[in-house]
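Spelled out from the first residue to the last, the chains are:
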Amino acid sequence: MSQPNDSQLQPQAEGLPFPTICDVPATSPLRWLARGFADLRACPIPSLFYGFCFAGMGLLITMVFEHAYEYTSALTSGFLLLGPFLAMGLYELSRRRGLGEPCALLPTLTVWKRNAGNLGIFAVVLGVIFLVWARASLIVFALFYTSELPNLTGFLEQILAMENLEFLLVYFGVGLLFATIVFAVSVVSIPLMLDRNQDAITAMLASIGALARNPGAMLVWAAFIVGLTVLGFLTFHLGLVVLMPWIGHATWHAYRDIVEPEAAAH
């Protein structure tokens, strides 16, 4: 039986039912990471291609803004906020592997065409959040940063030494607020749009519902994402080559566990 093409799928998007969210245990992220690592091992070349892209962007940000860390922190945070959108190719690799299809890089580079309109809406939403966060970051630096602005190494040393504690509390508090918003609207939204041609609003609402219904698993999953990402940055971005593809593949399996398959939902 032939697969429907993108033009055949698009008109059906409006009639899709609202996704059914499943309950998952708090230990589920361990299973997602195990499955994601299996995907990484099965598709090493295309997966590492995306990993090098993530690492390259991180290195570029650090090099360009080495002596203006107030901008580097905002752009690095924005890089993390936009991560779910940048990882679309990794989701597609996991989807294809689950269907028994070959792990080819080329088809994943244009996967956004499958639901371009709604992915574009979602990208705009993330872009707006990123711009607001970047402005909020600069304001926090202006109001609370009392020391001379350091380079990247000096800034990390101040964090580890717990200097300028008021600034650190405000900065990370504001950052946590924006990160929570992005995590809530994106935890399963892009895989849902790619897999079912779902509209952007429904996908984001389903993502928020997934967080509300499974706070324990989502908290553990967020902690893993943050921890692995920070580890990648602390290894001078080299760790991102492996860690970001691993997170991307695991995110696909998180979606498959959290959102009930279409056939079962019907």
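Whatever comes next refers back to the structure up there.
Presented here is a report on the structure given in the accompanying data block. If you're wondering where the values come from, they're calculated on a predicted model, not measured in any experiment.

1. A look at the packing of helix α8 (residues 116-144) against helix α11 (residues 189-196)
Right, on to step 1. Axis separation between α8 and α11 bottoms out at 10 Å; the angle between their running directions is 170 degrees. Here α8 lies roughly antiparallel to α11, going by the angle between them. For the pair formed by α8 and α11, the contact residues are Asn118, Leu119 and Phe122 on the first element and Ser189, Ile190, Met193 and Leu194 on the second.
Right, on to step 2. Among the residues forming the contact of α8 with α11, the class breakdown is five nonpolar, two polar and no charged.

2. Digging into the pattern of salt bridges
Right, on to step 1. Following the criterion strictly, the structure yields eight salt bridges and no others.
Right, on to step 2. With a closest N to O distance of 2.9 Å, Glu92 and Arg95 form a salt bridge. Of this pair, Glu92 and Arg95 both sit in helix α6 (residues 88-98), separated by three residues, roughly a single helical turn.
Right, on to step 3. Assessed through its relative accessible area of 17%, Arg95 is described here as buried.
Right, on to step 4. Arg114 is the salt-bridge partner of Glu92, the closest N and O atoms lying 3.0 Å from each other. With Glu92 in helix α6 and Arg114 in the loop between α7 (106-109) and α8, this pair connects stretches of sequence that are 22 residues apart. Each member of the pair, Glu92 together with Arg114, is buried.
Right, on to step 5. Overlapping salt bridges, with partners in common, bring together Arg31, Arg35 and Asp257 in one network.

3. Here we look at the state of the cysteines
Right, on to step 1. For the structure shown, the criterion picks out one disulfide.
Right, on to step 2. The partner cysteine of Cys43 in its disulfide is Cys103, sulfur to sulfur 1.9 Å. Taken together, the residues Cys43 in the loop between α2 (28-42) and α3 (44-64) and Cys103 in the loop between α6 and α7 connect sequence positions 60 residues apart.
Right, on to step 3. Overall, Cys103 belongs to the partly exposed group, its relative accessible area being 27%.

4. Some details on the side chain of His253
Right, on to step 1. Note that His253 resides in helix α14 (residues 240-258).
Right, on to step 2. Among the residues examined, His253 registers a relative accessible area of 13% and is labelled buried.
Right, on to step 3. A polar atom in the side chain of His253 sits 2.6 Å from the side chain of Asp39.
Right, on to step 4. Filtering out sequence-adjacent residues up to four positions away, His253 remains in contact with Trp32, Arg35, Gly36, Asp39 and Ser94.

5. Points about the environment of Thr202
Right, on to step 1. Here Thr202 is to be found in helix α12 (residues 200-213).
Right, on to step 2. Classification of Thr202 by relative accessible area gives buried; the value is 14%.
Right, on to step 3. Between the C-alpha atom of Thr202 and that of Ser189, which follows or precedes it by 13 residues, the distance is 8.4 Å.
Right, on to step 4. With sequence-adjacent residues up to four places away left out, Thr202 is seen in contact with Phe18 and Pro19.

6. Here we look at the nonpolar core
Right, on to step 1. If you look at the biggest cluster of nonpolar residues, it comprises 54 residues, and the most contacted ones within it are Trp32, Ile190, Trp221 and Ile258.
Right, on to step 2. In terms of residue count, α14 provides more of this core than any other element does, 10 residues in total.
Right, on to step 3. Residues within four places of Ile258 in sequence aside, it is in contact with Thr20, Ile21, Cys22, Val24, Trp32, Val188, Ala210, Asn214 and Met218.

Scoring rules and cut-offs
- Residues numbered from 1 in each chain as written.
- Predicted model: local features only at pLDDT ≥ 70, side-chain atom pairs only at ≥ 80, totals over all residues.
- Heavy atoms only, no water.
- Axes fitted to C-alpha atoms, helices over the stretch in contact; angles between N-to-C directions.
- Helix = DSSP H or I, 4+ residues; strand = E, 2+ residues; numbered from the N terminus.
- Parallel < 35°, antiparallel > 145°, perpendicular 65-115°, else oblique.
- Contact = heavy atoms within 4.5 Å.
- Nonpolar A, V, L, I, M, F, W, Y, C, P; charged D, E, K, R; others polar.
- Salt bridge = Lys/Arg side-chain N within 4 Å of Asp/Glu carboxyl O.
- Buried < 20%, exposed > 50% of the residue type's maximum accessible area, 1.4 Å probe, protein only.
- Disulfide = S-S within 2.5 Å.
- Polar contact = N/O pair within 3.5 Å; in protein donor to acceptor, adjacent residues only side chain to side chain.
- Core = buried A, V, L, I, M, F, W, Y, C linked by side-chain atoms within 4.5 Å.

This is a description of form; function is not addressed.
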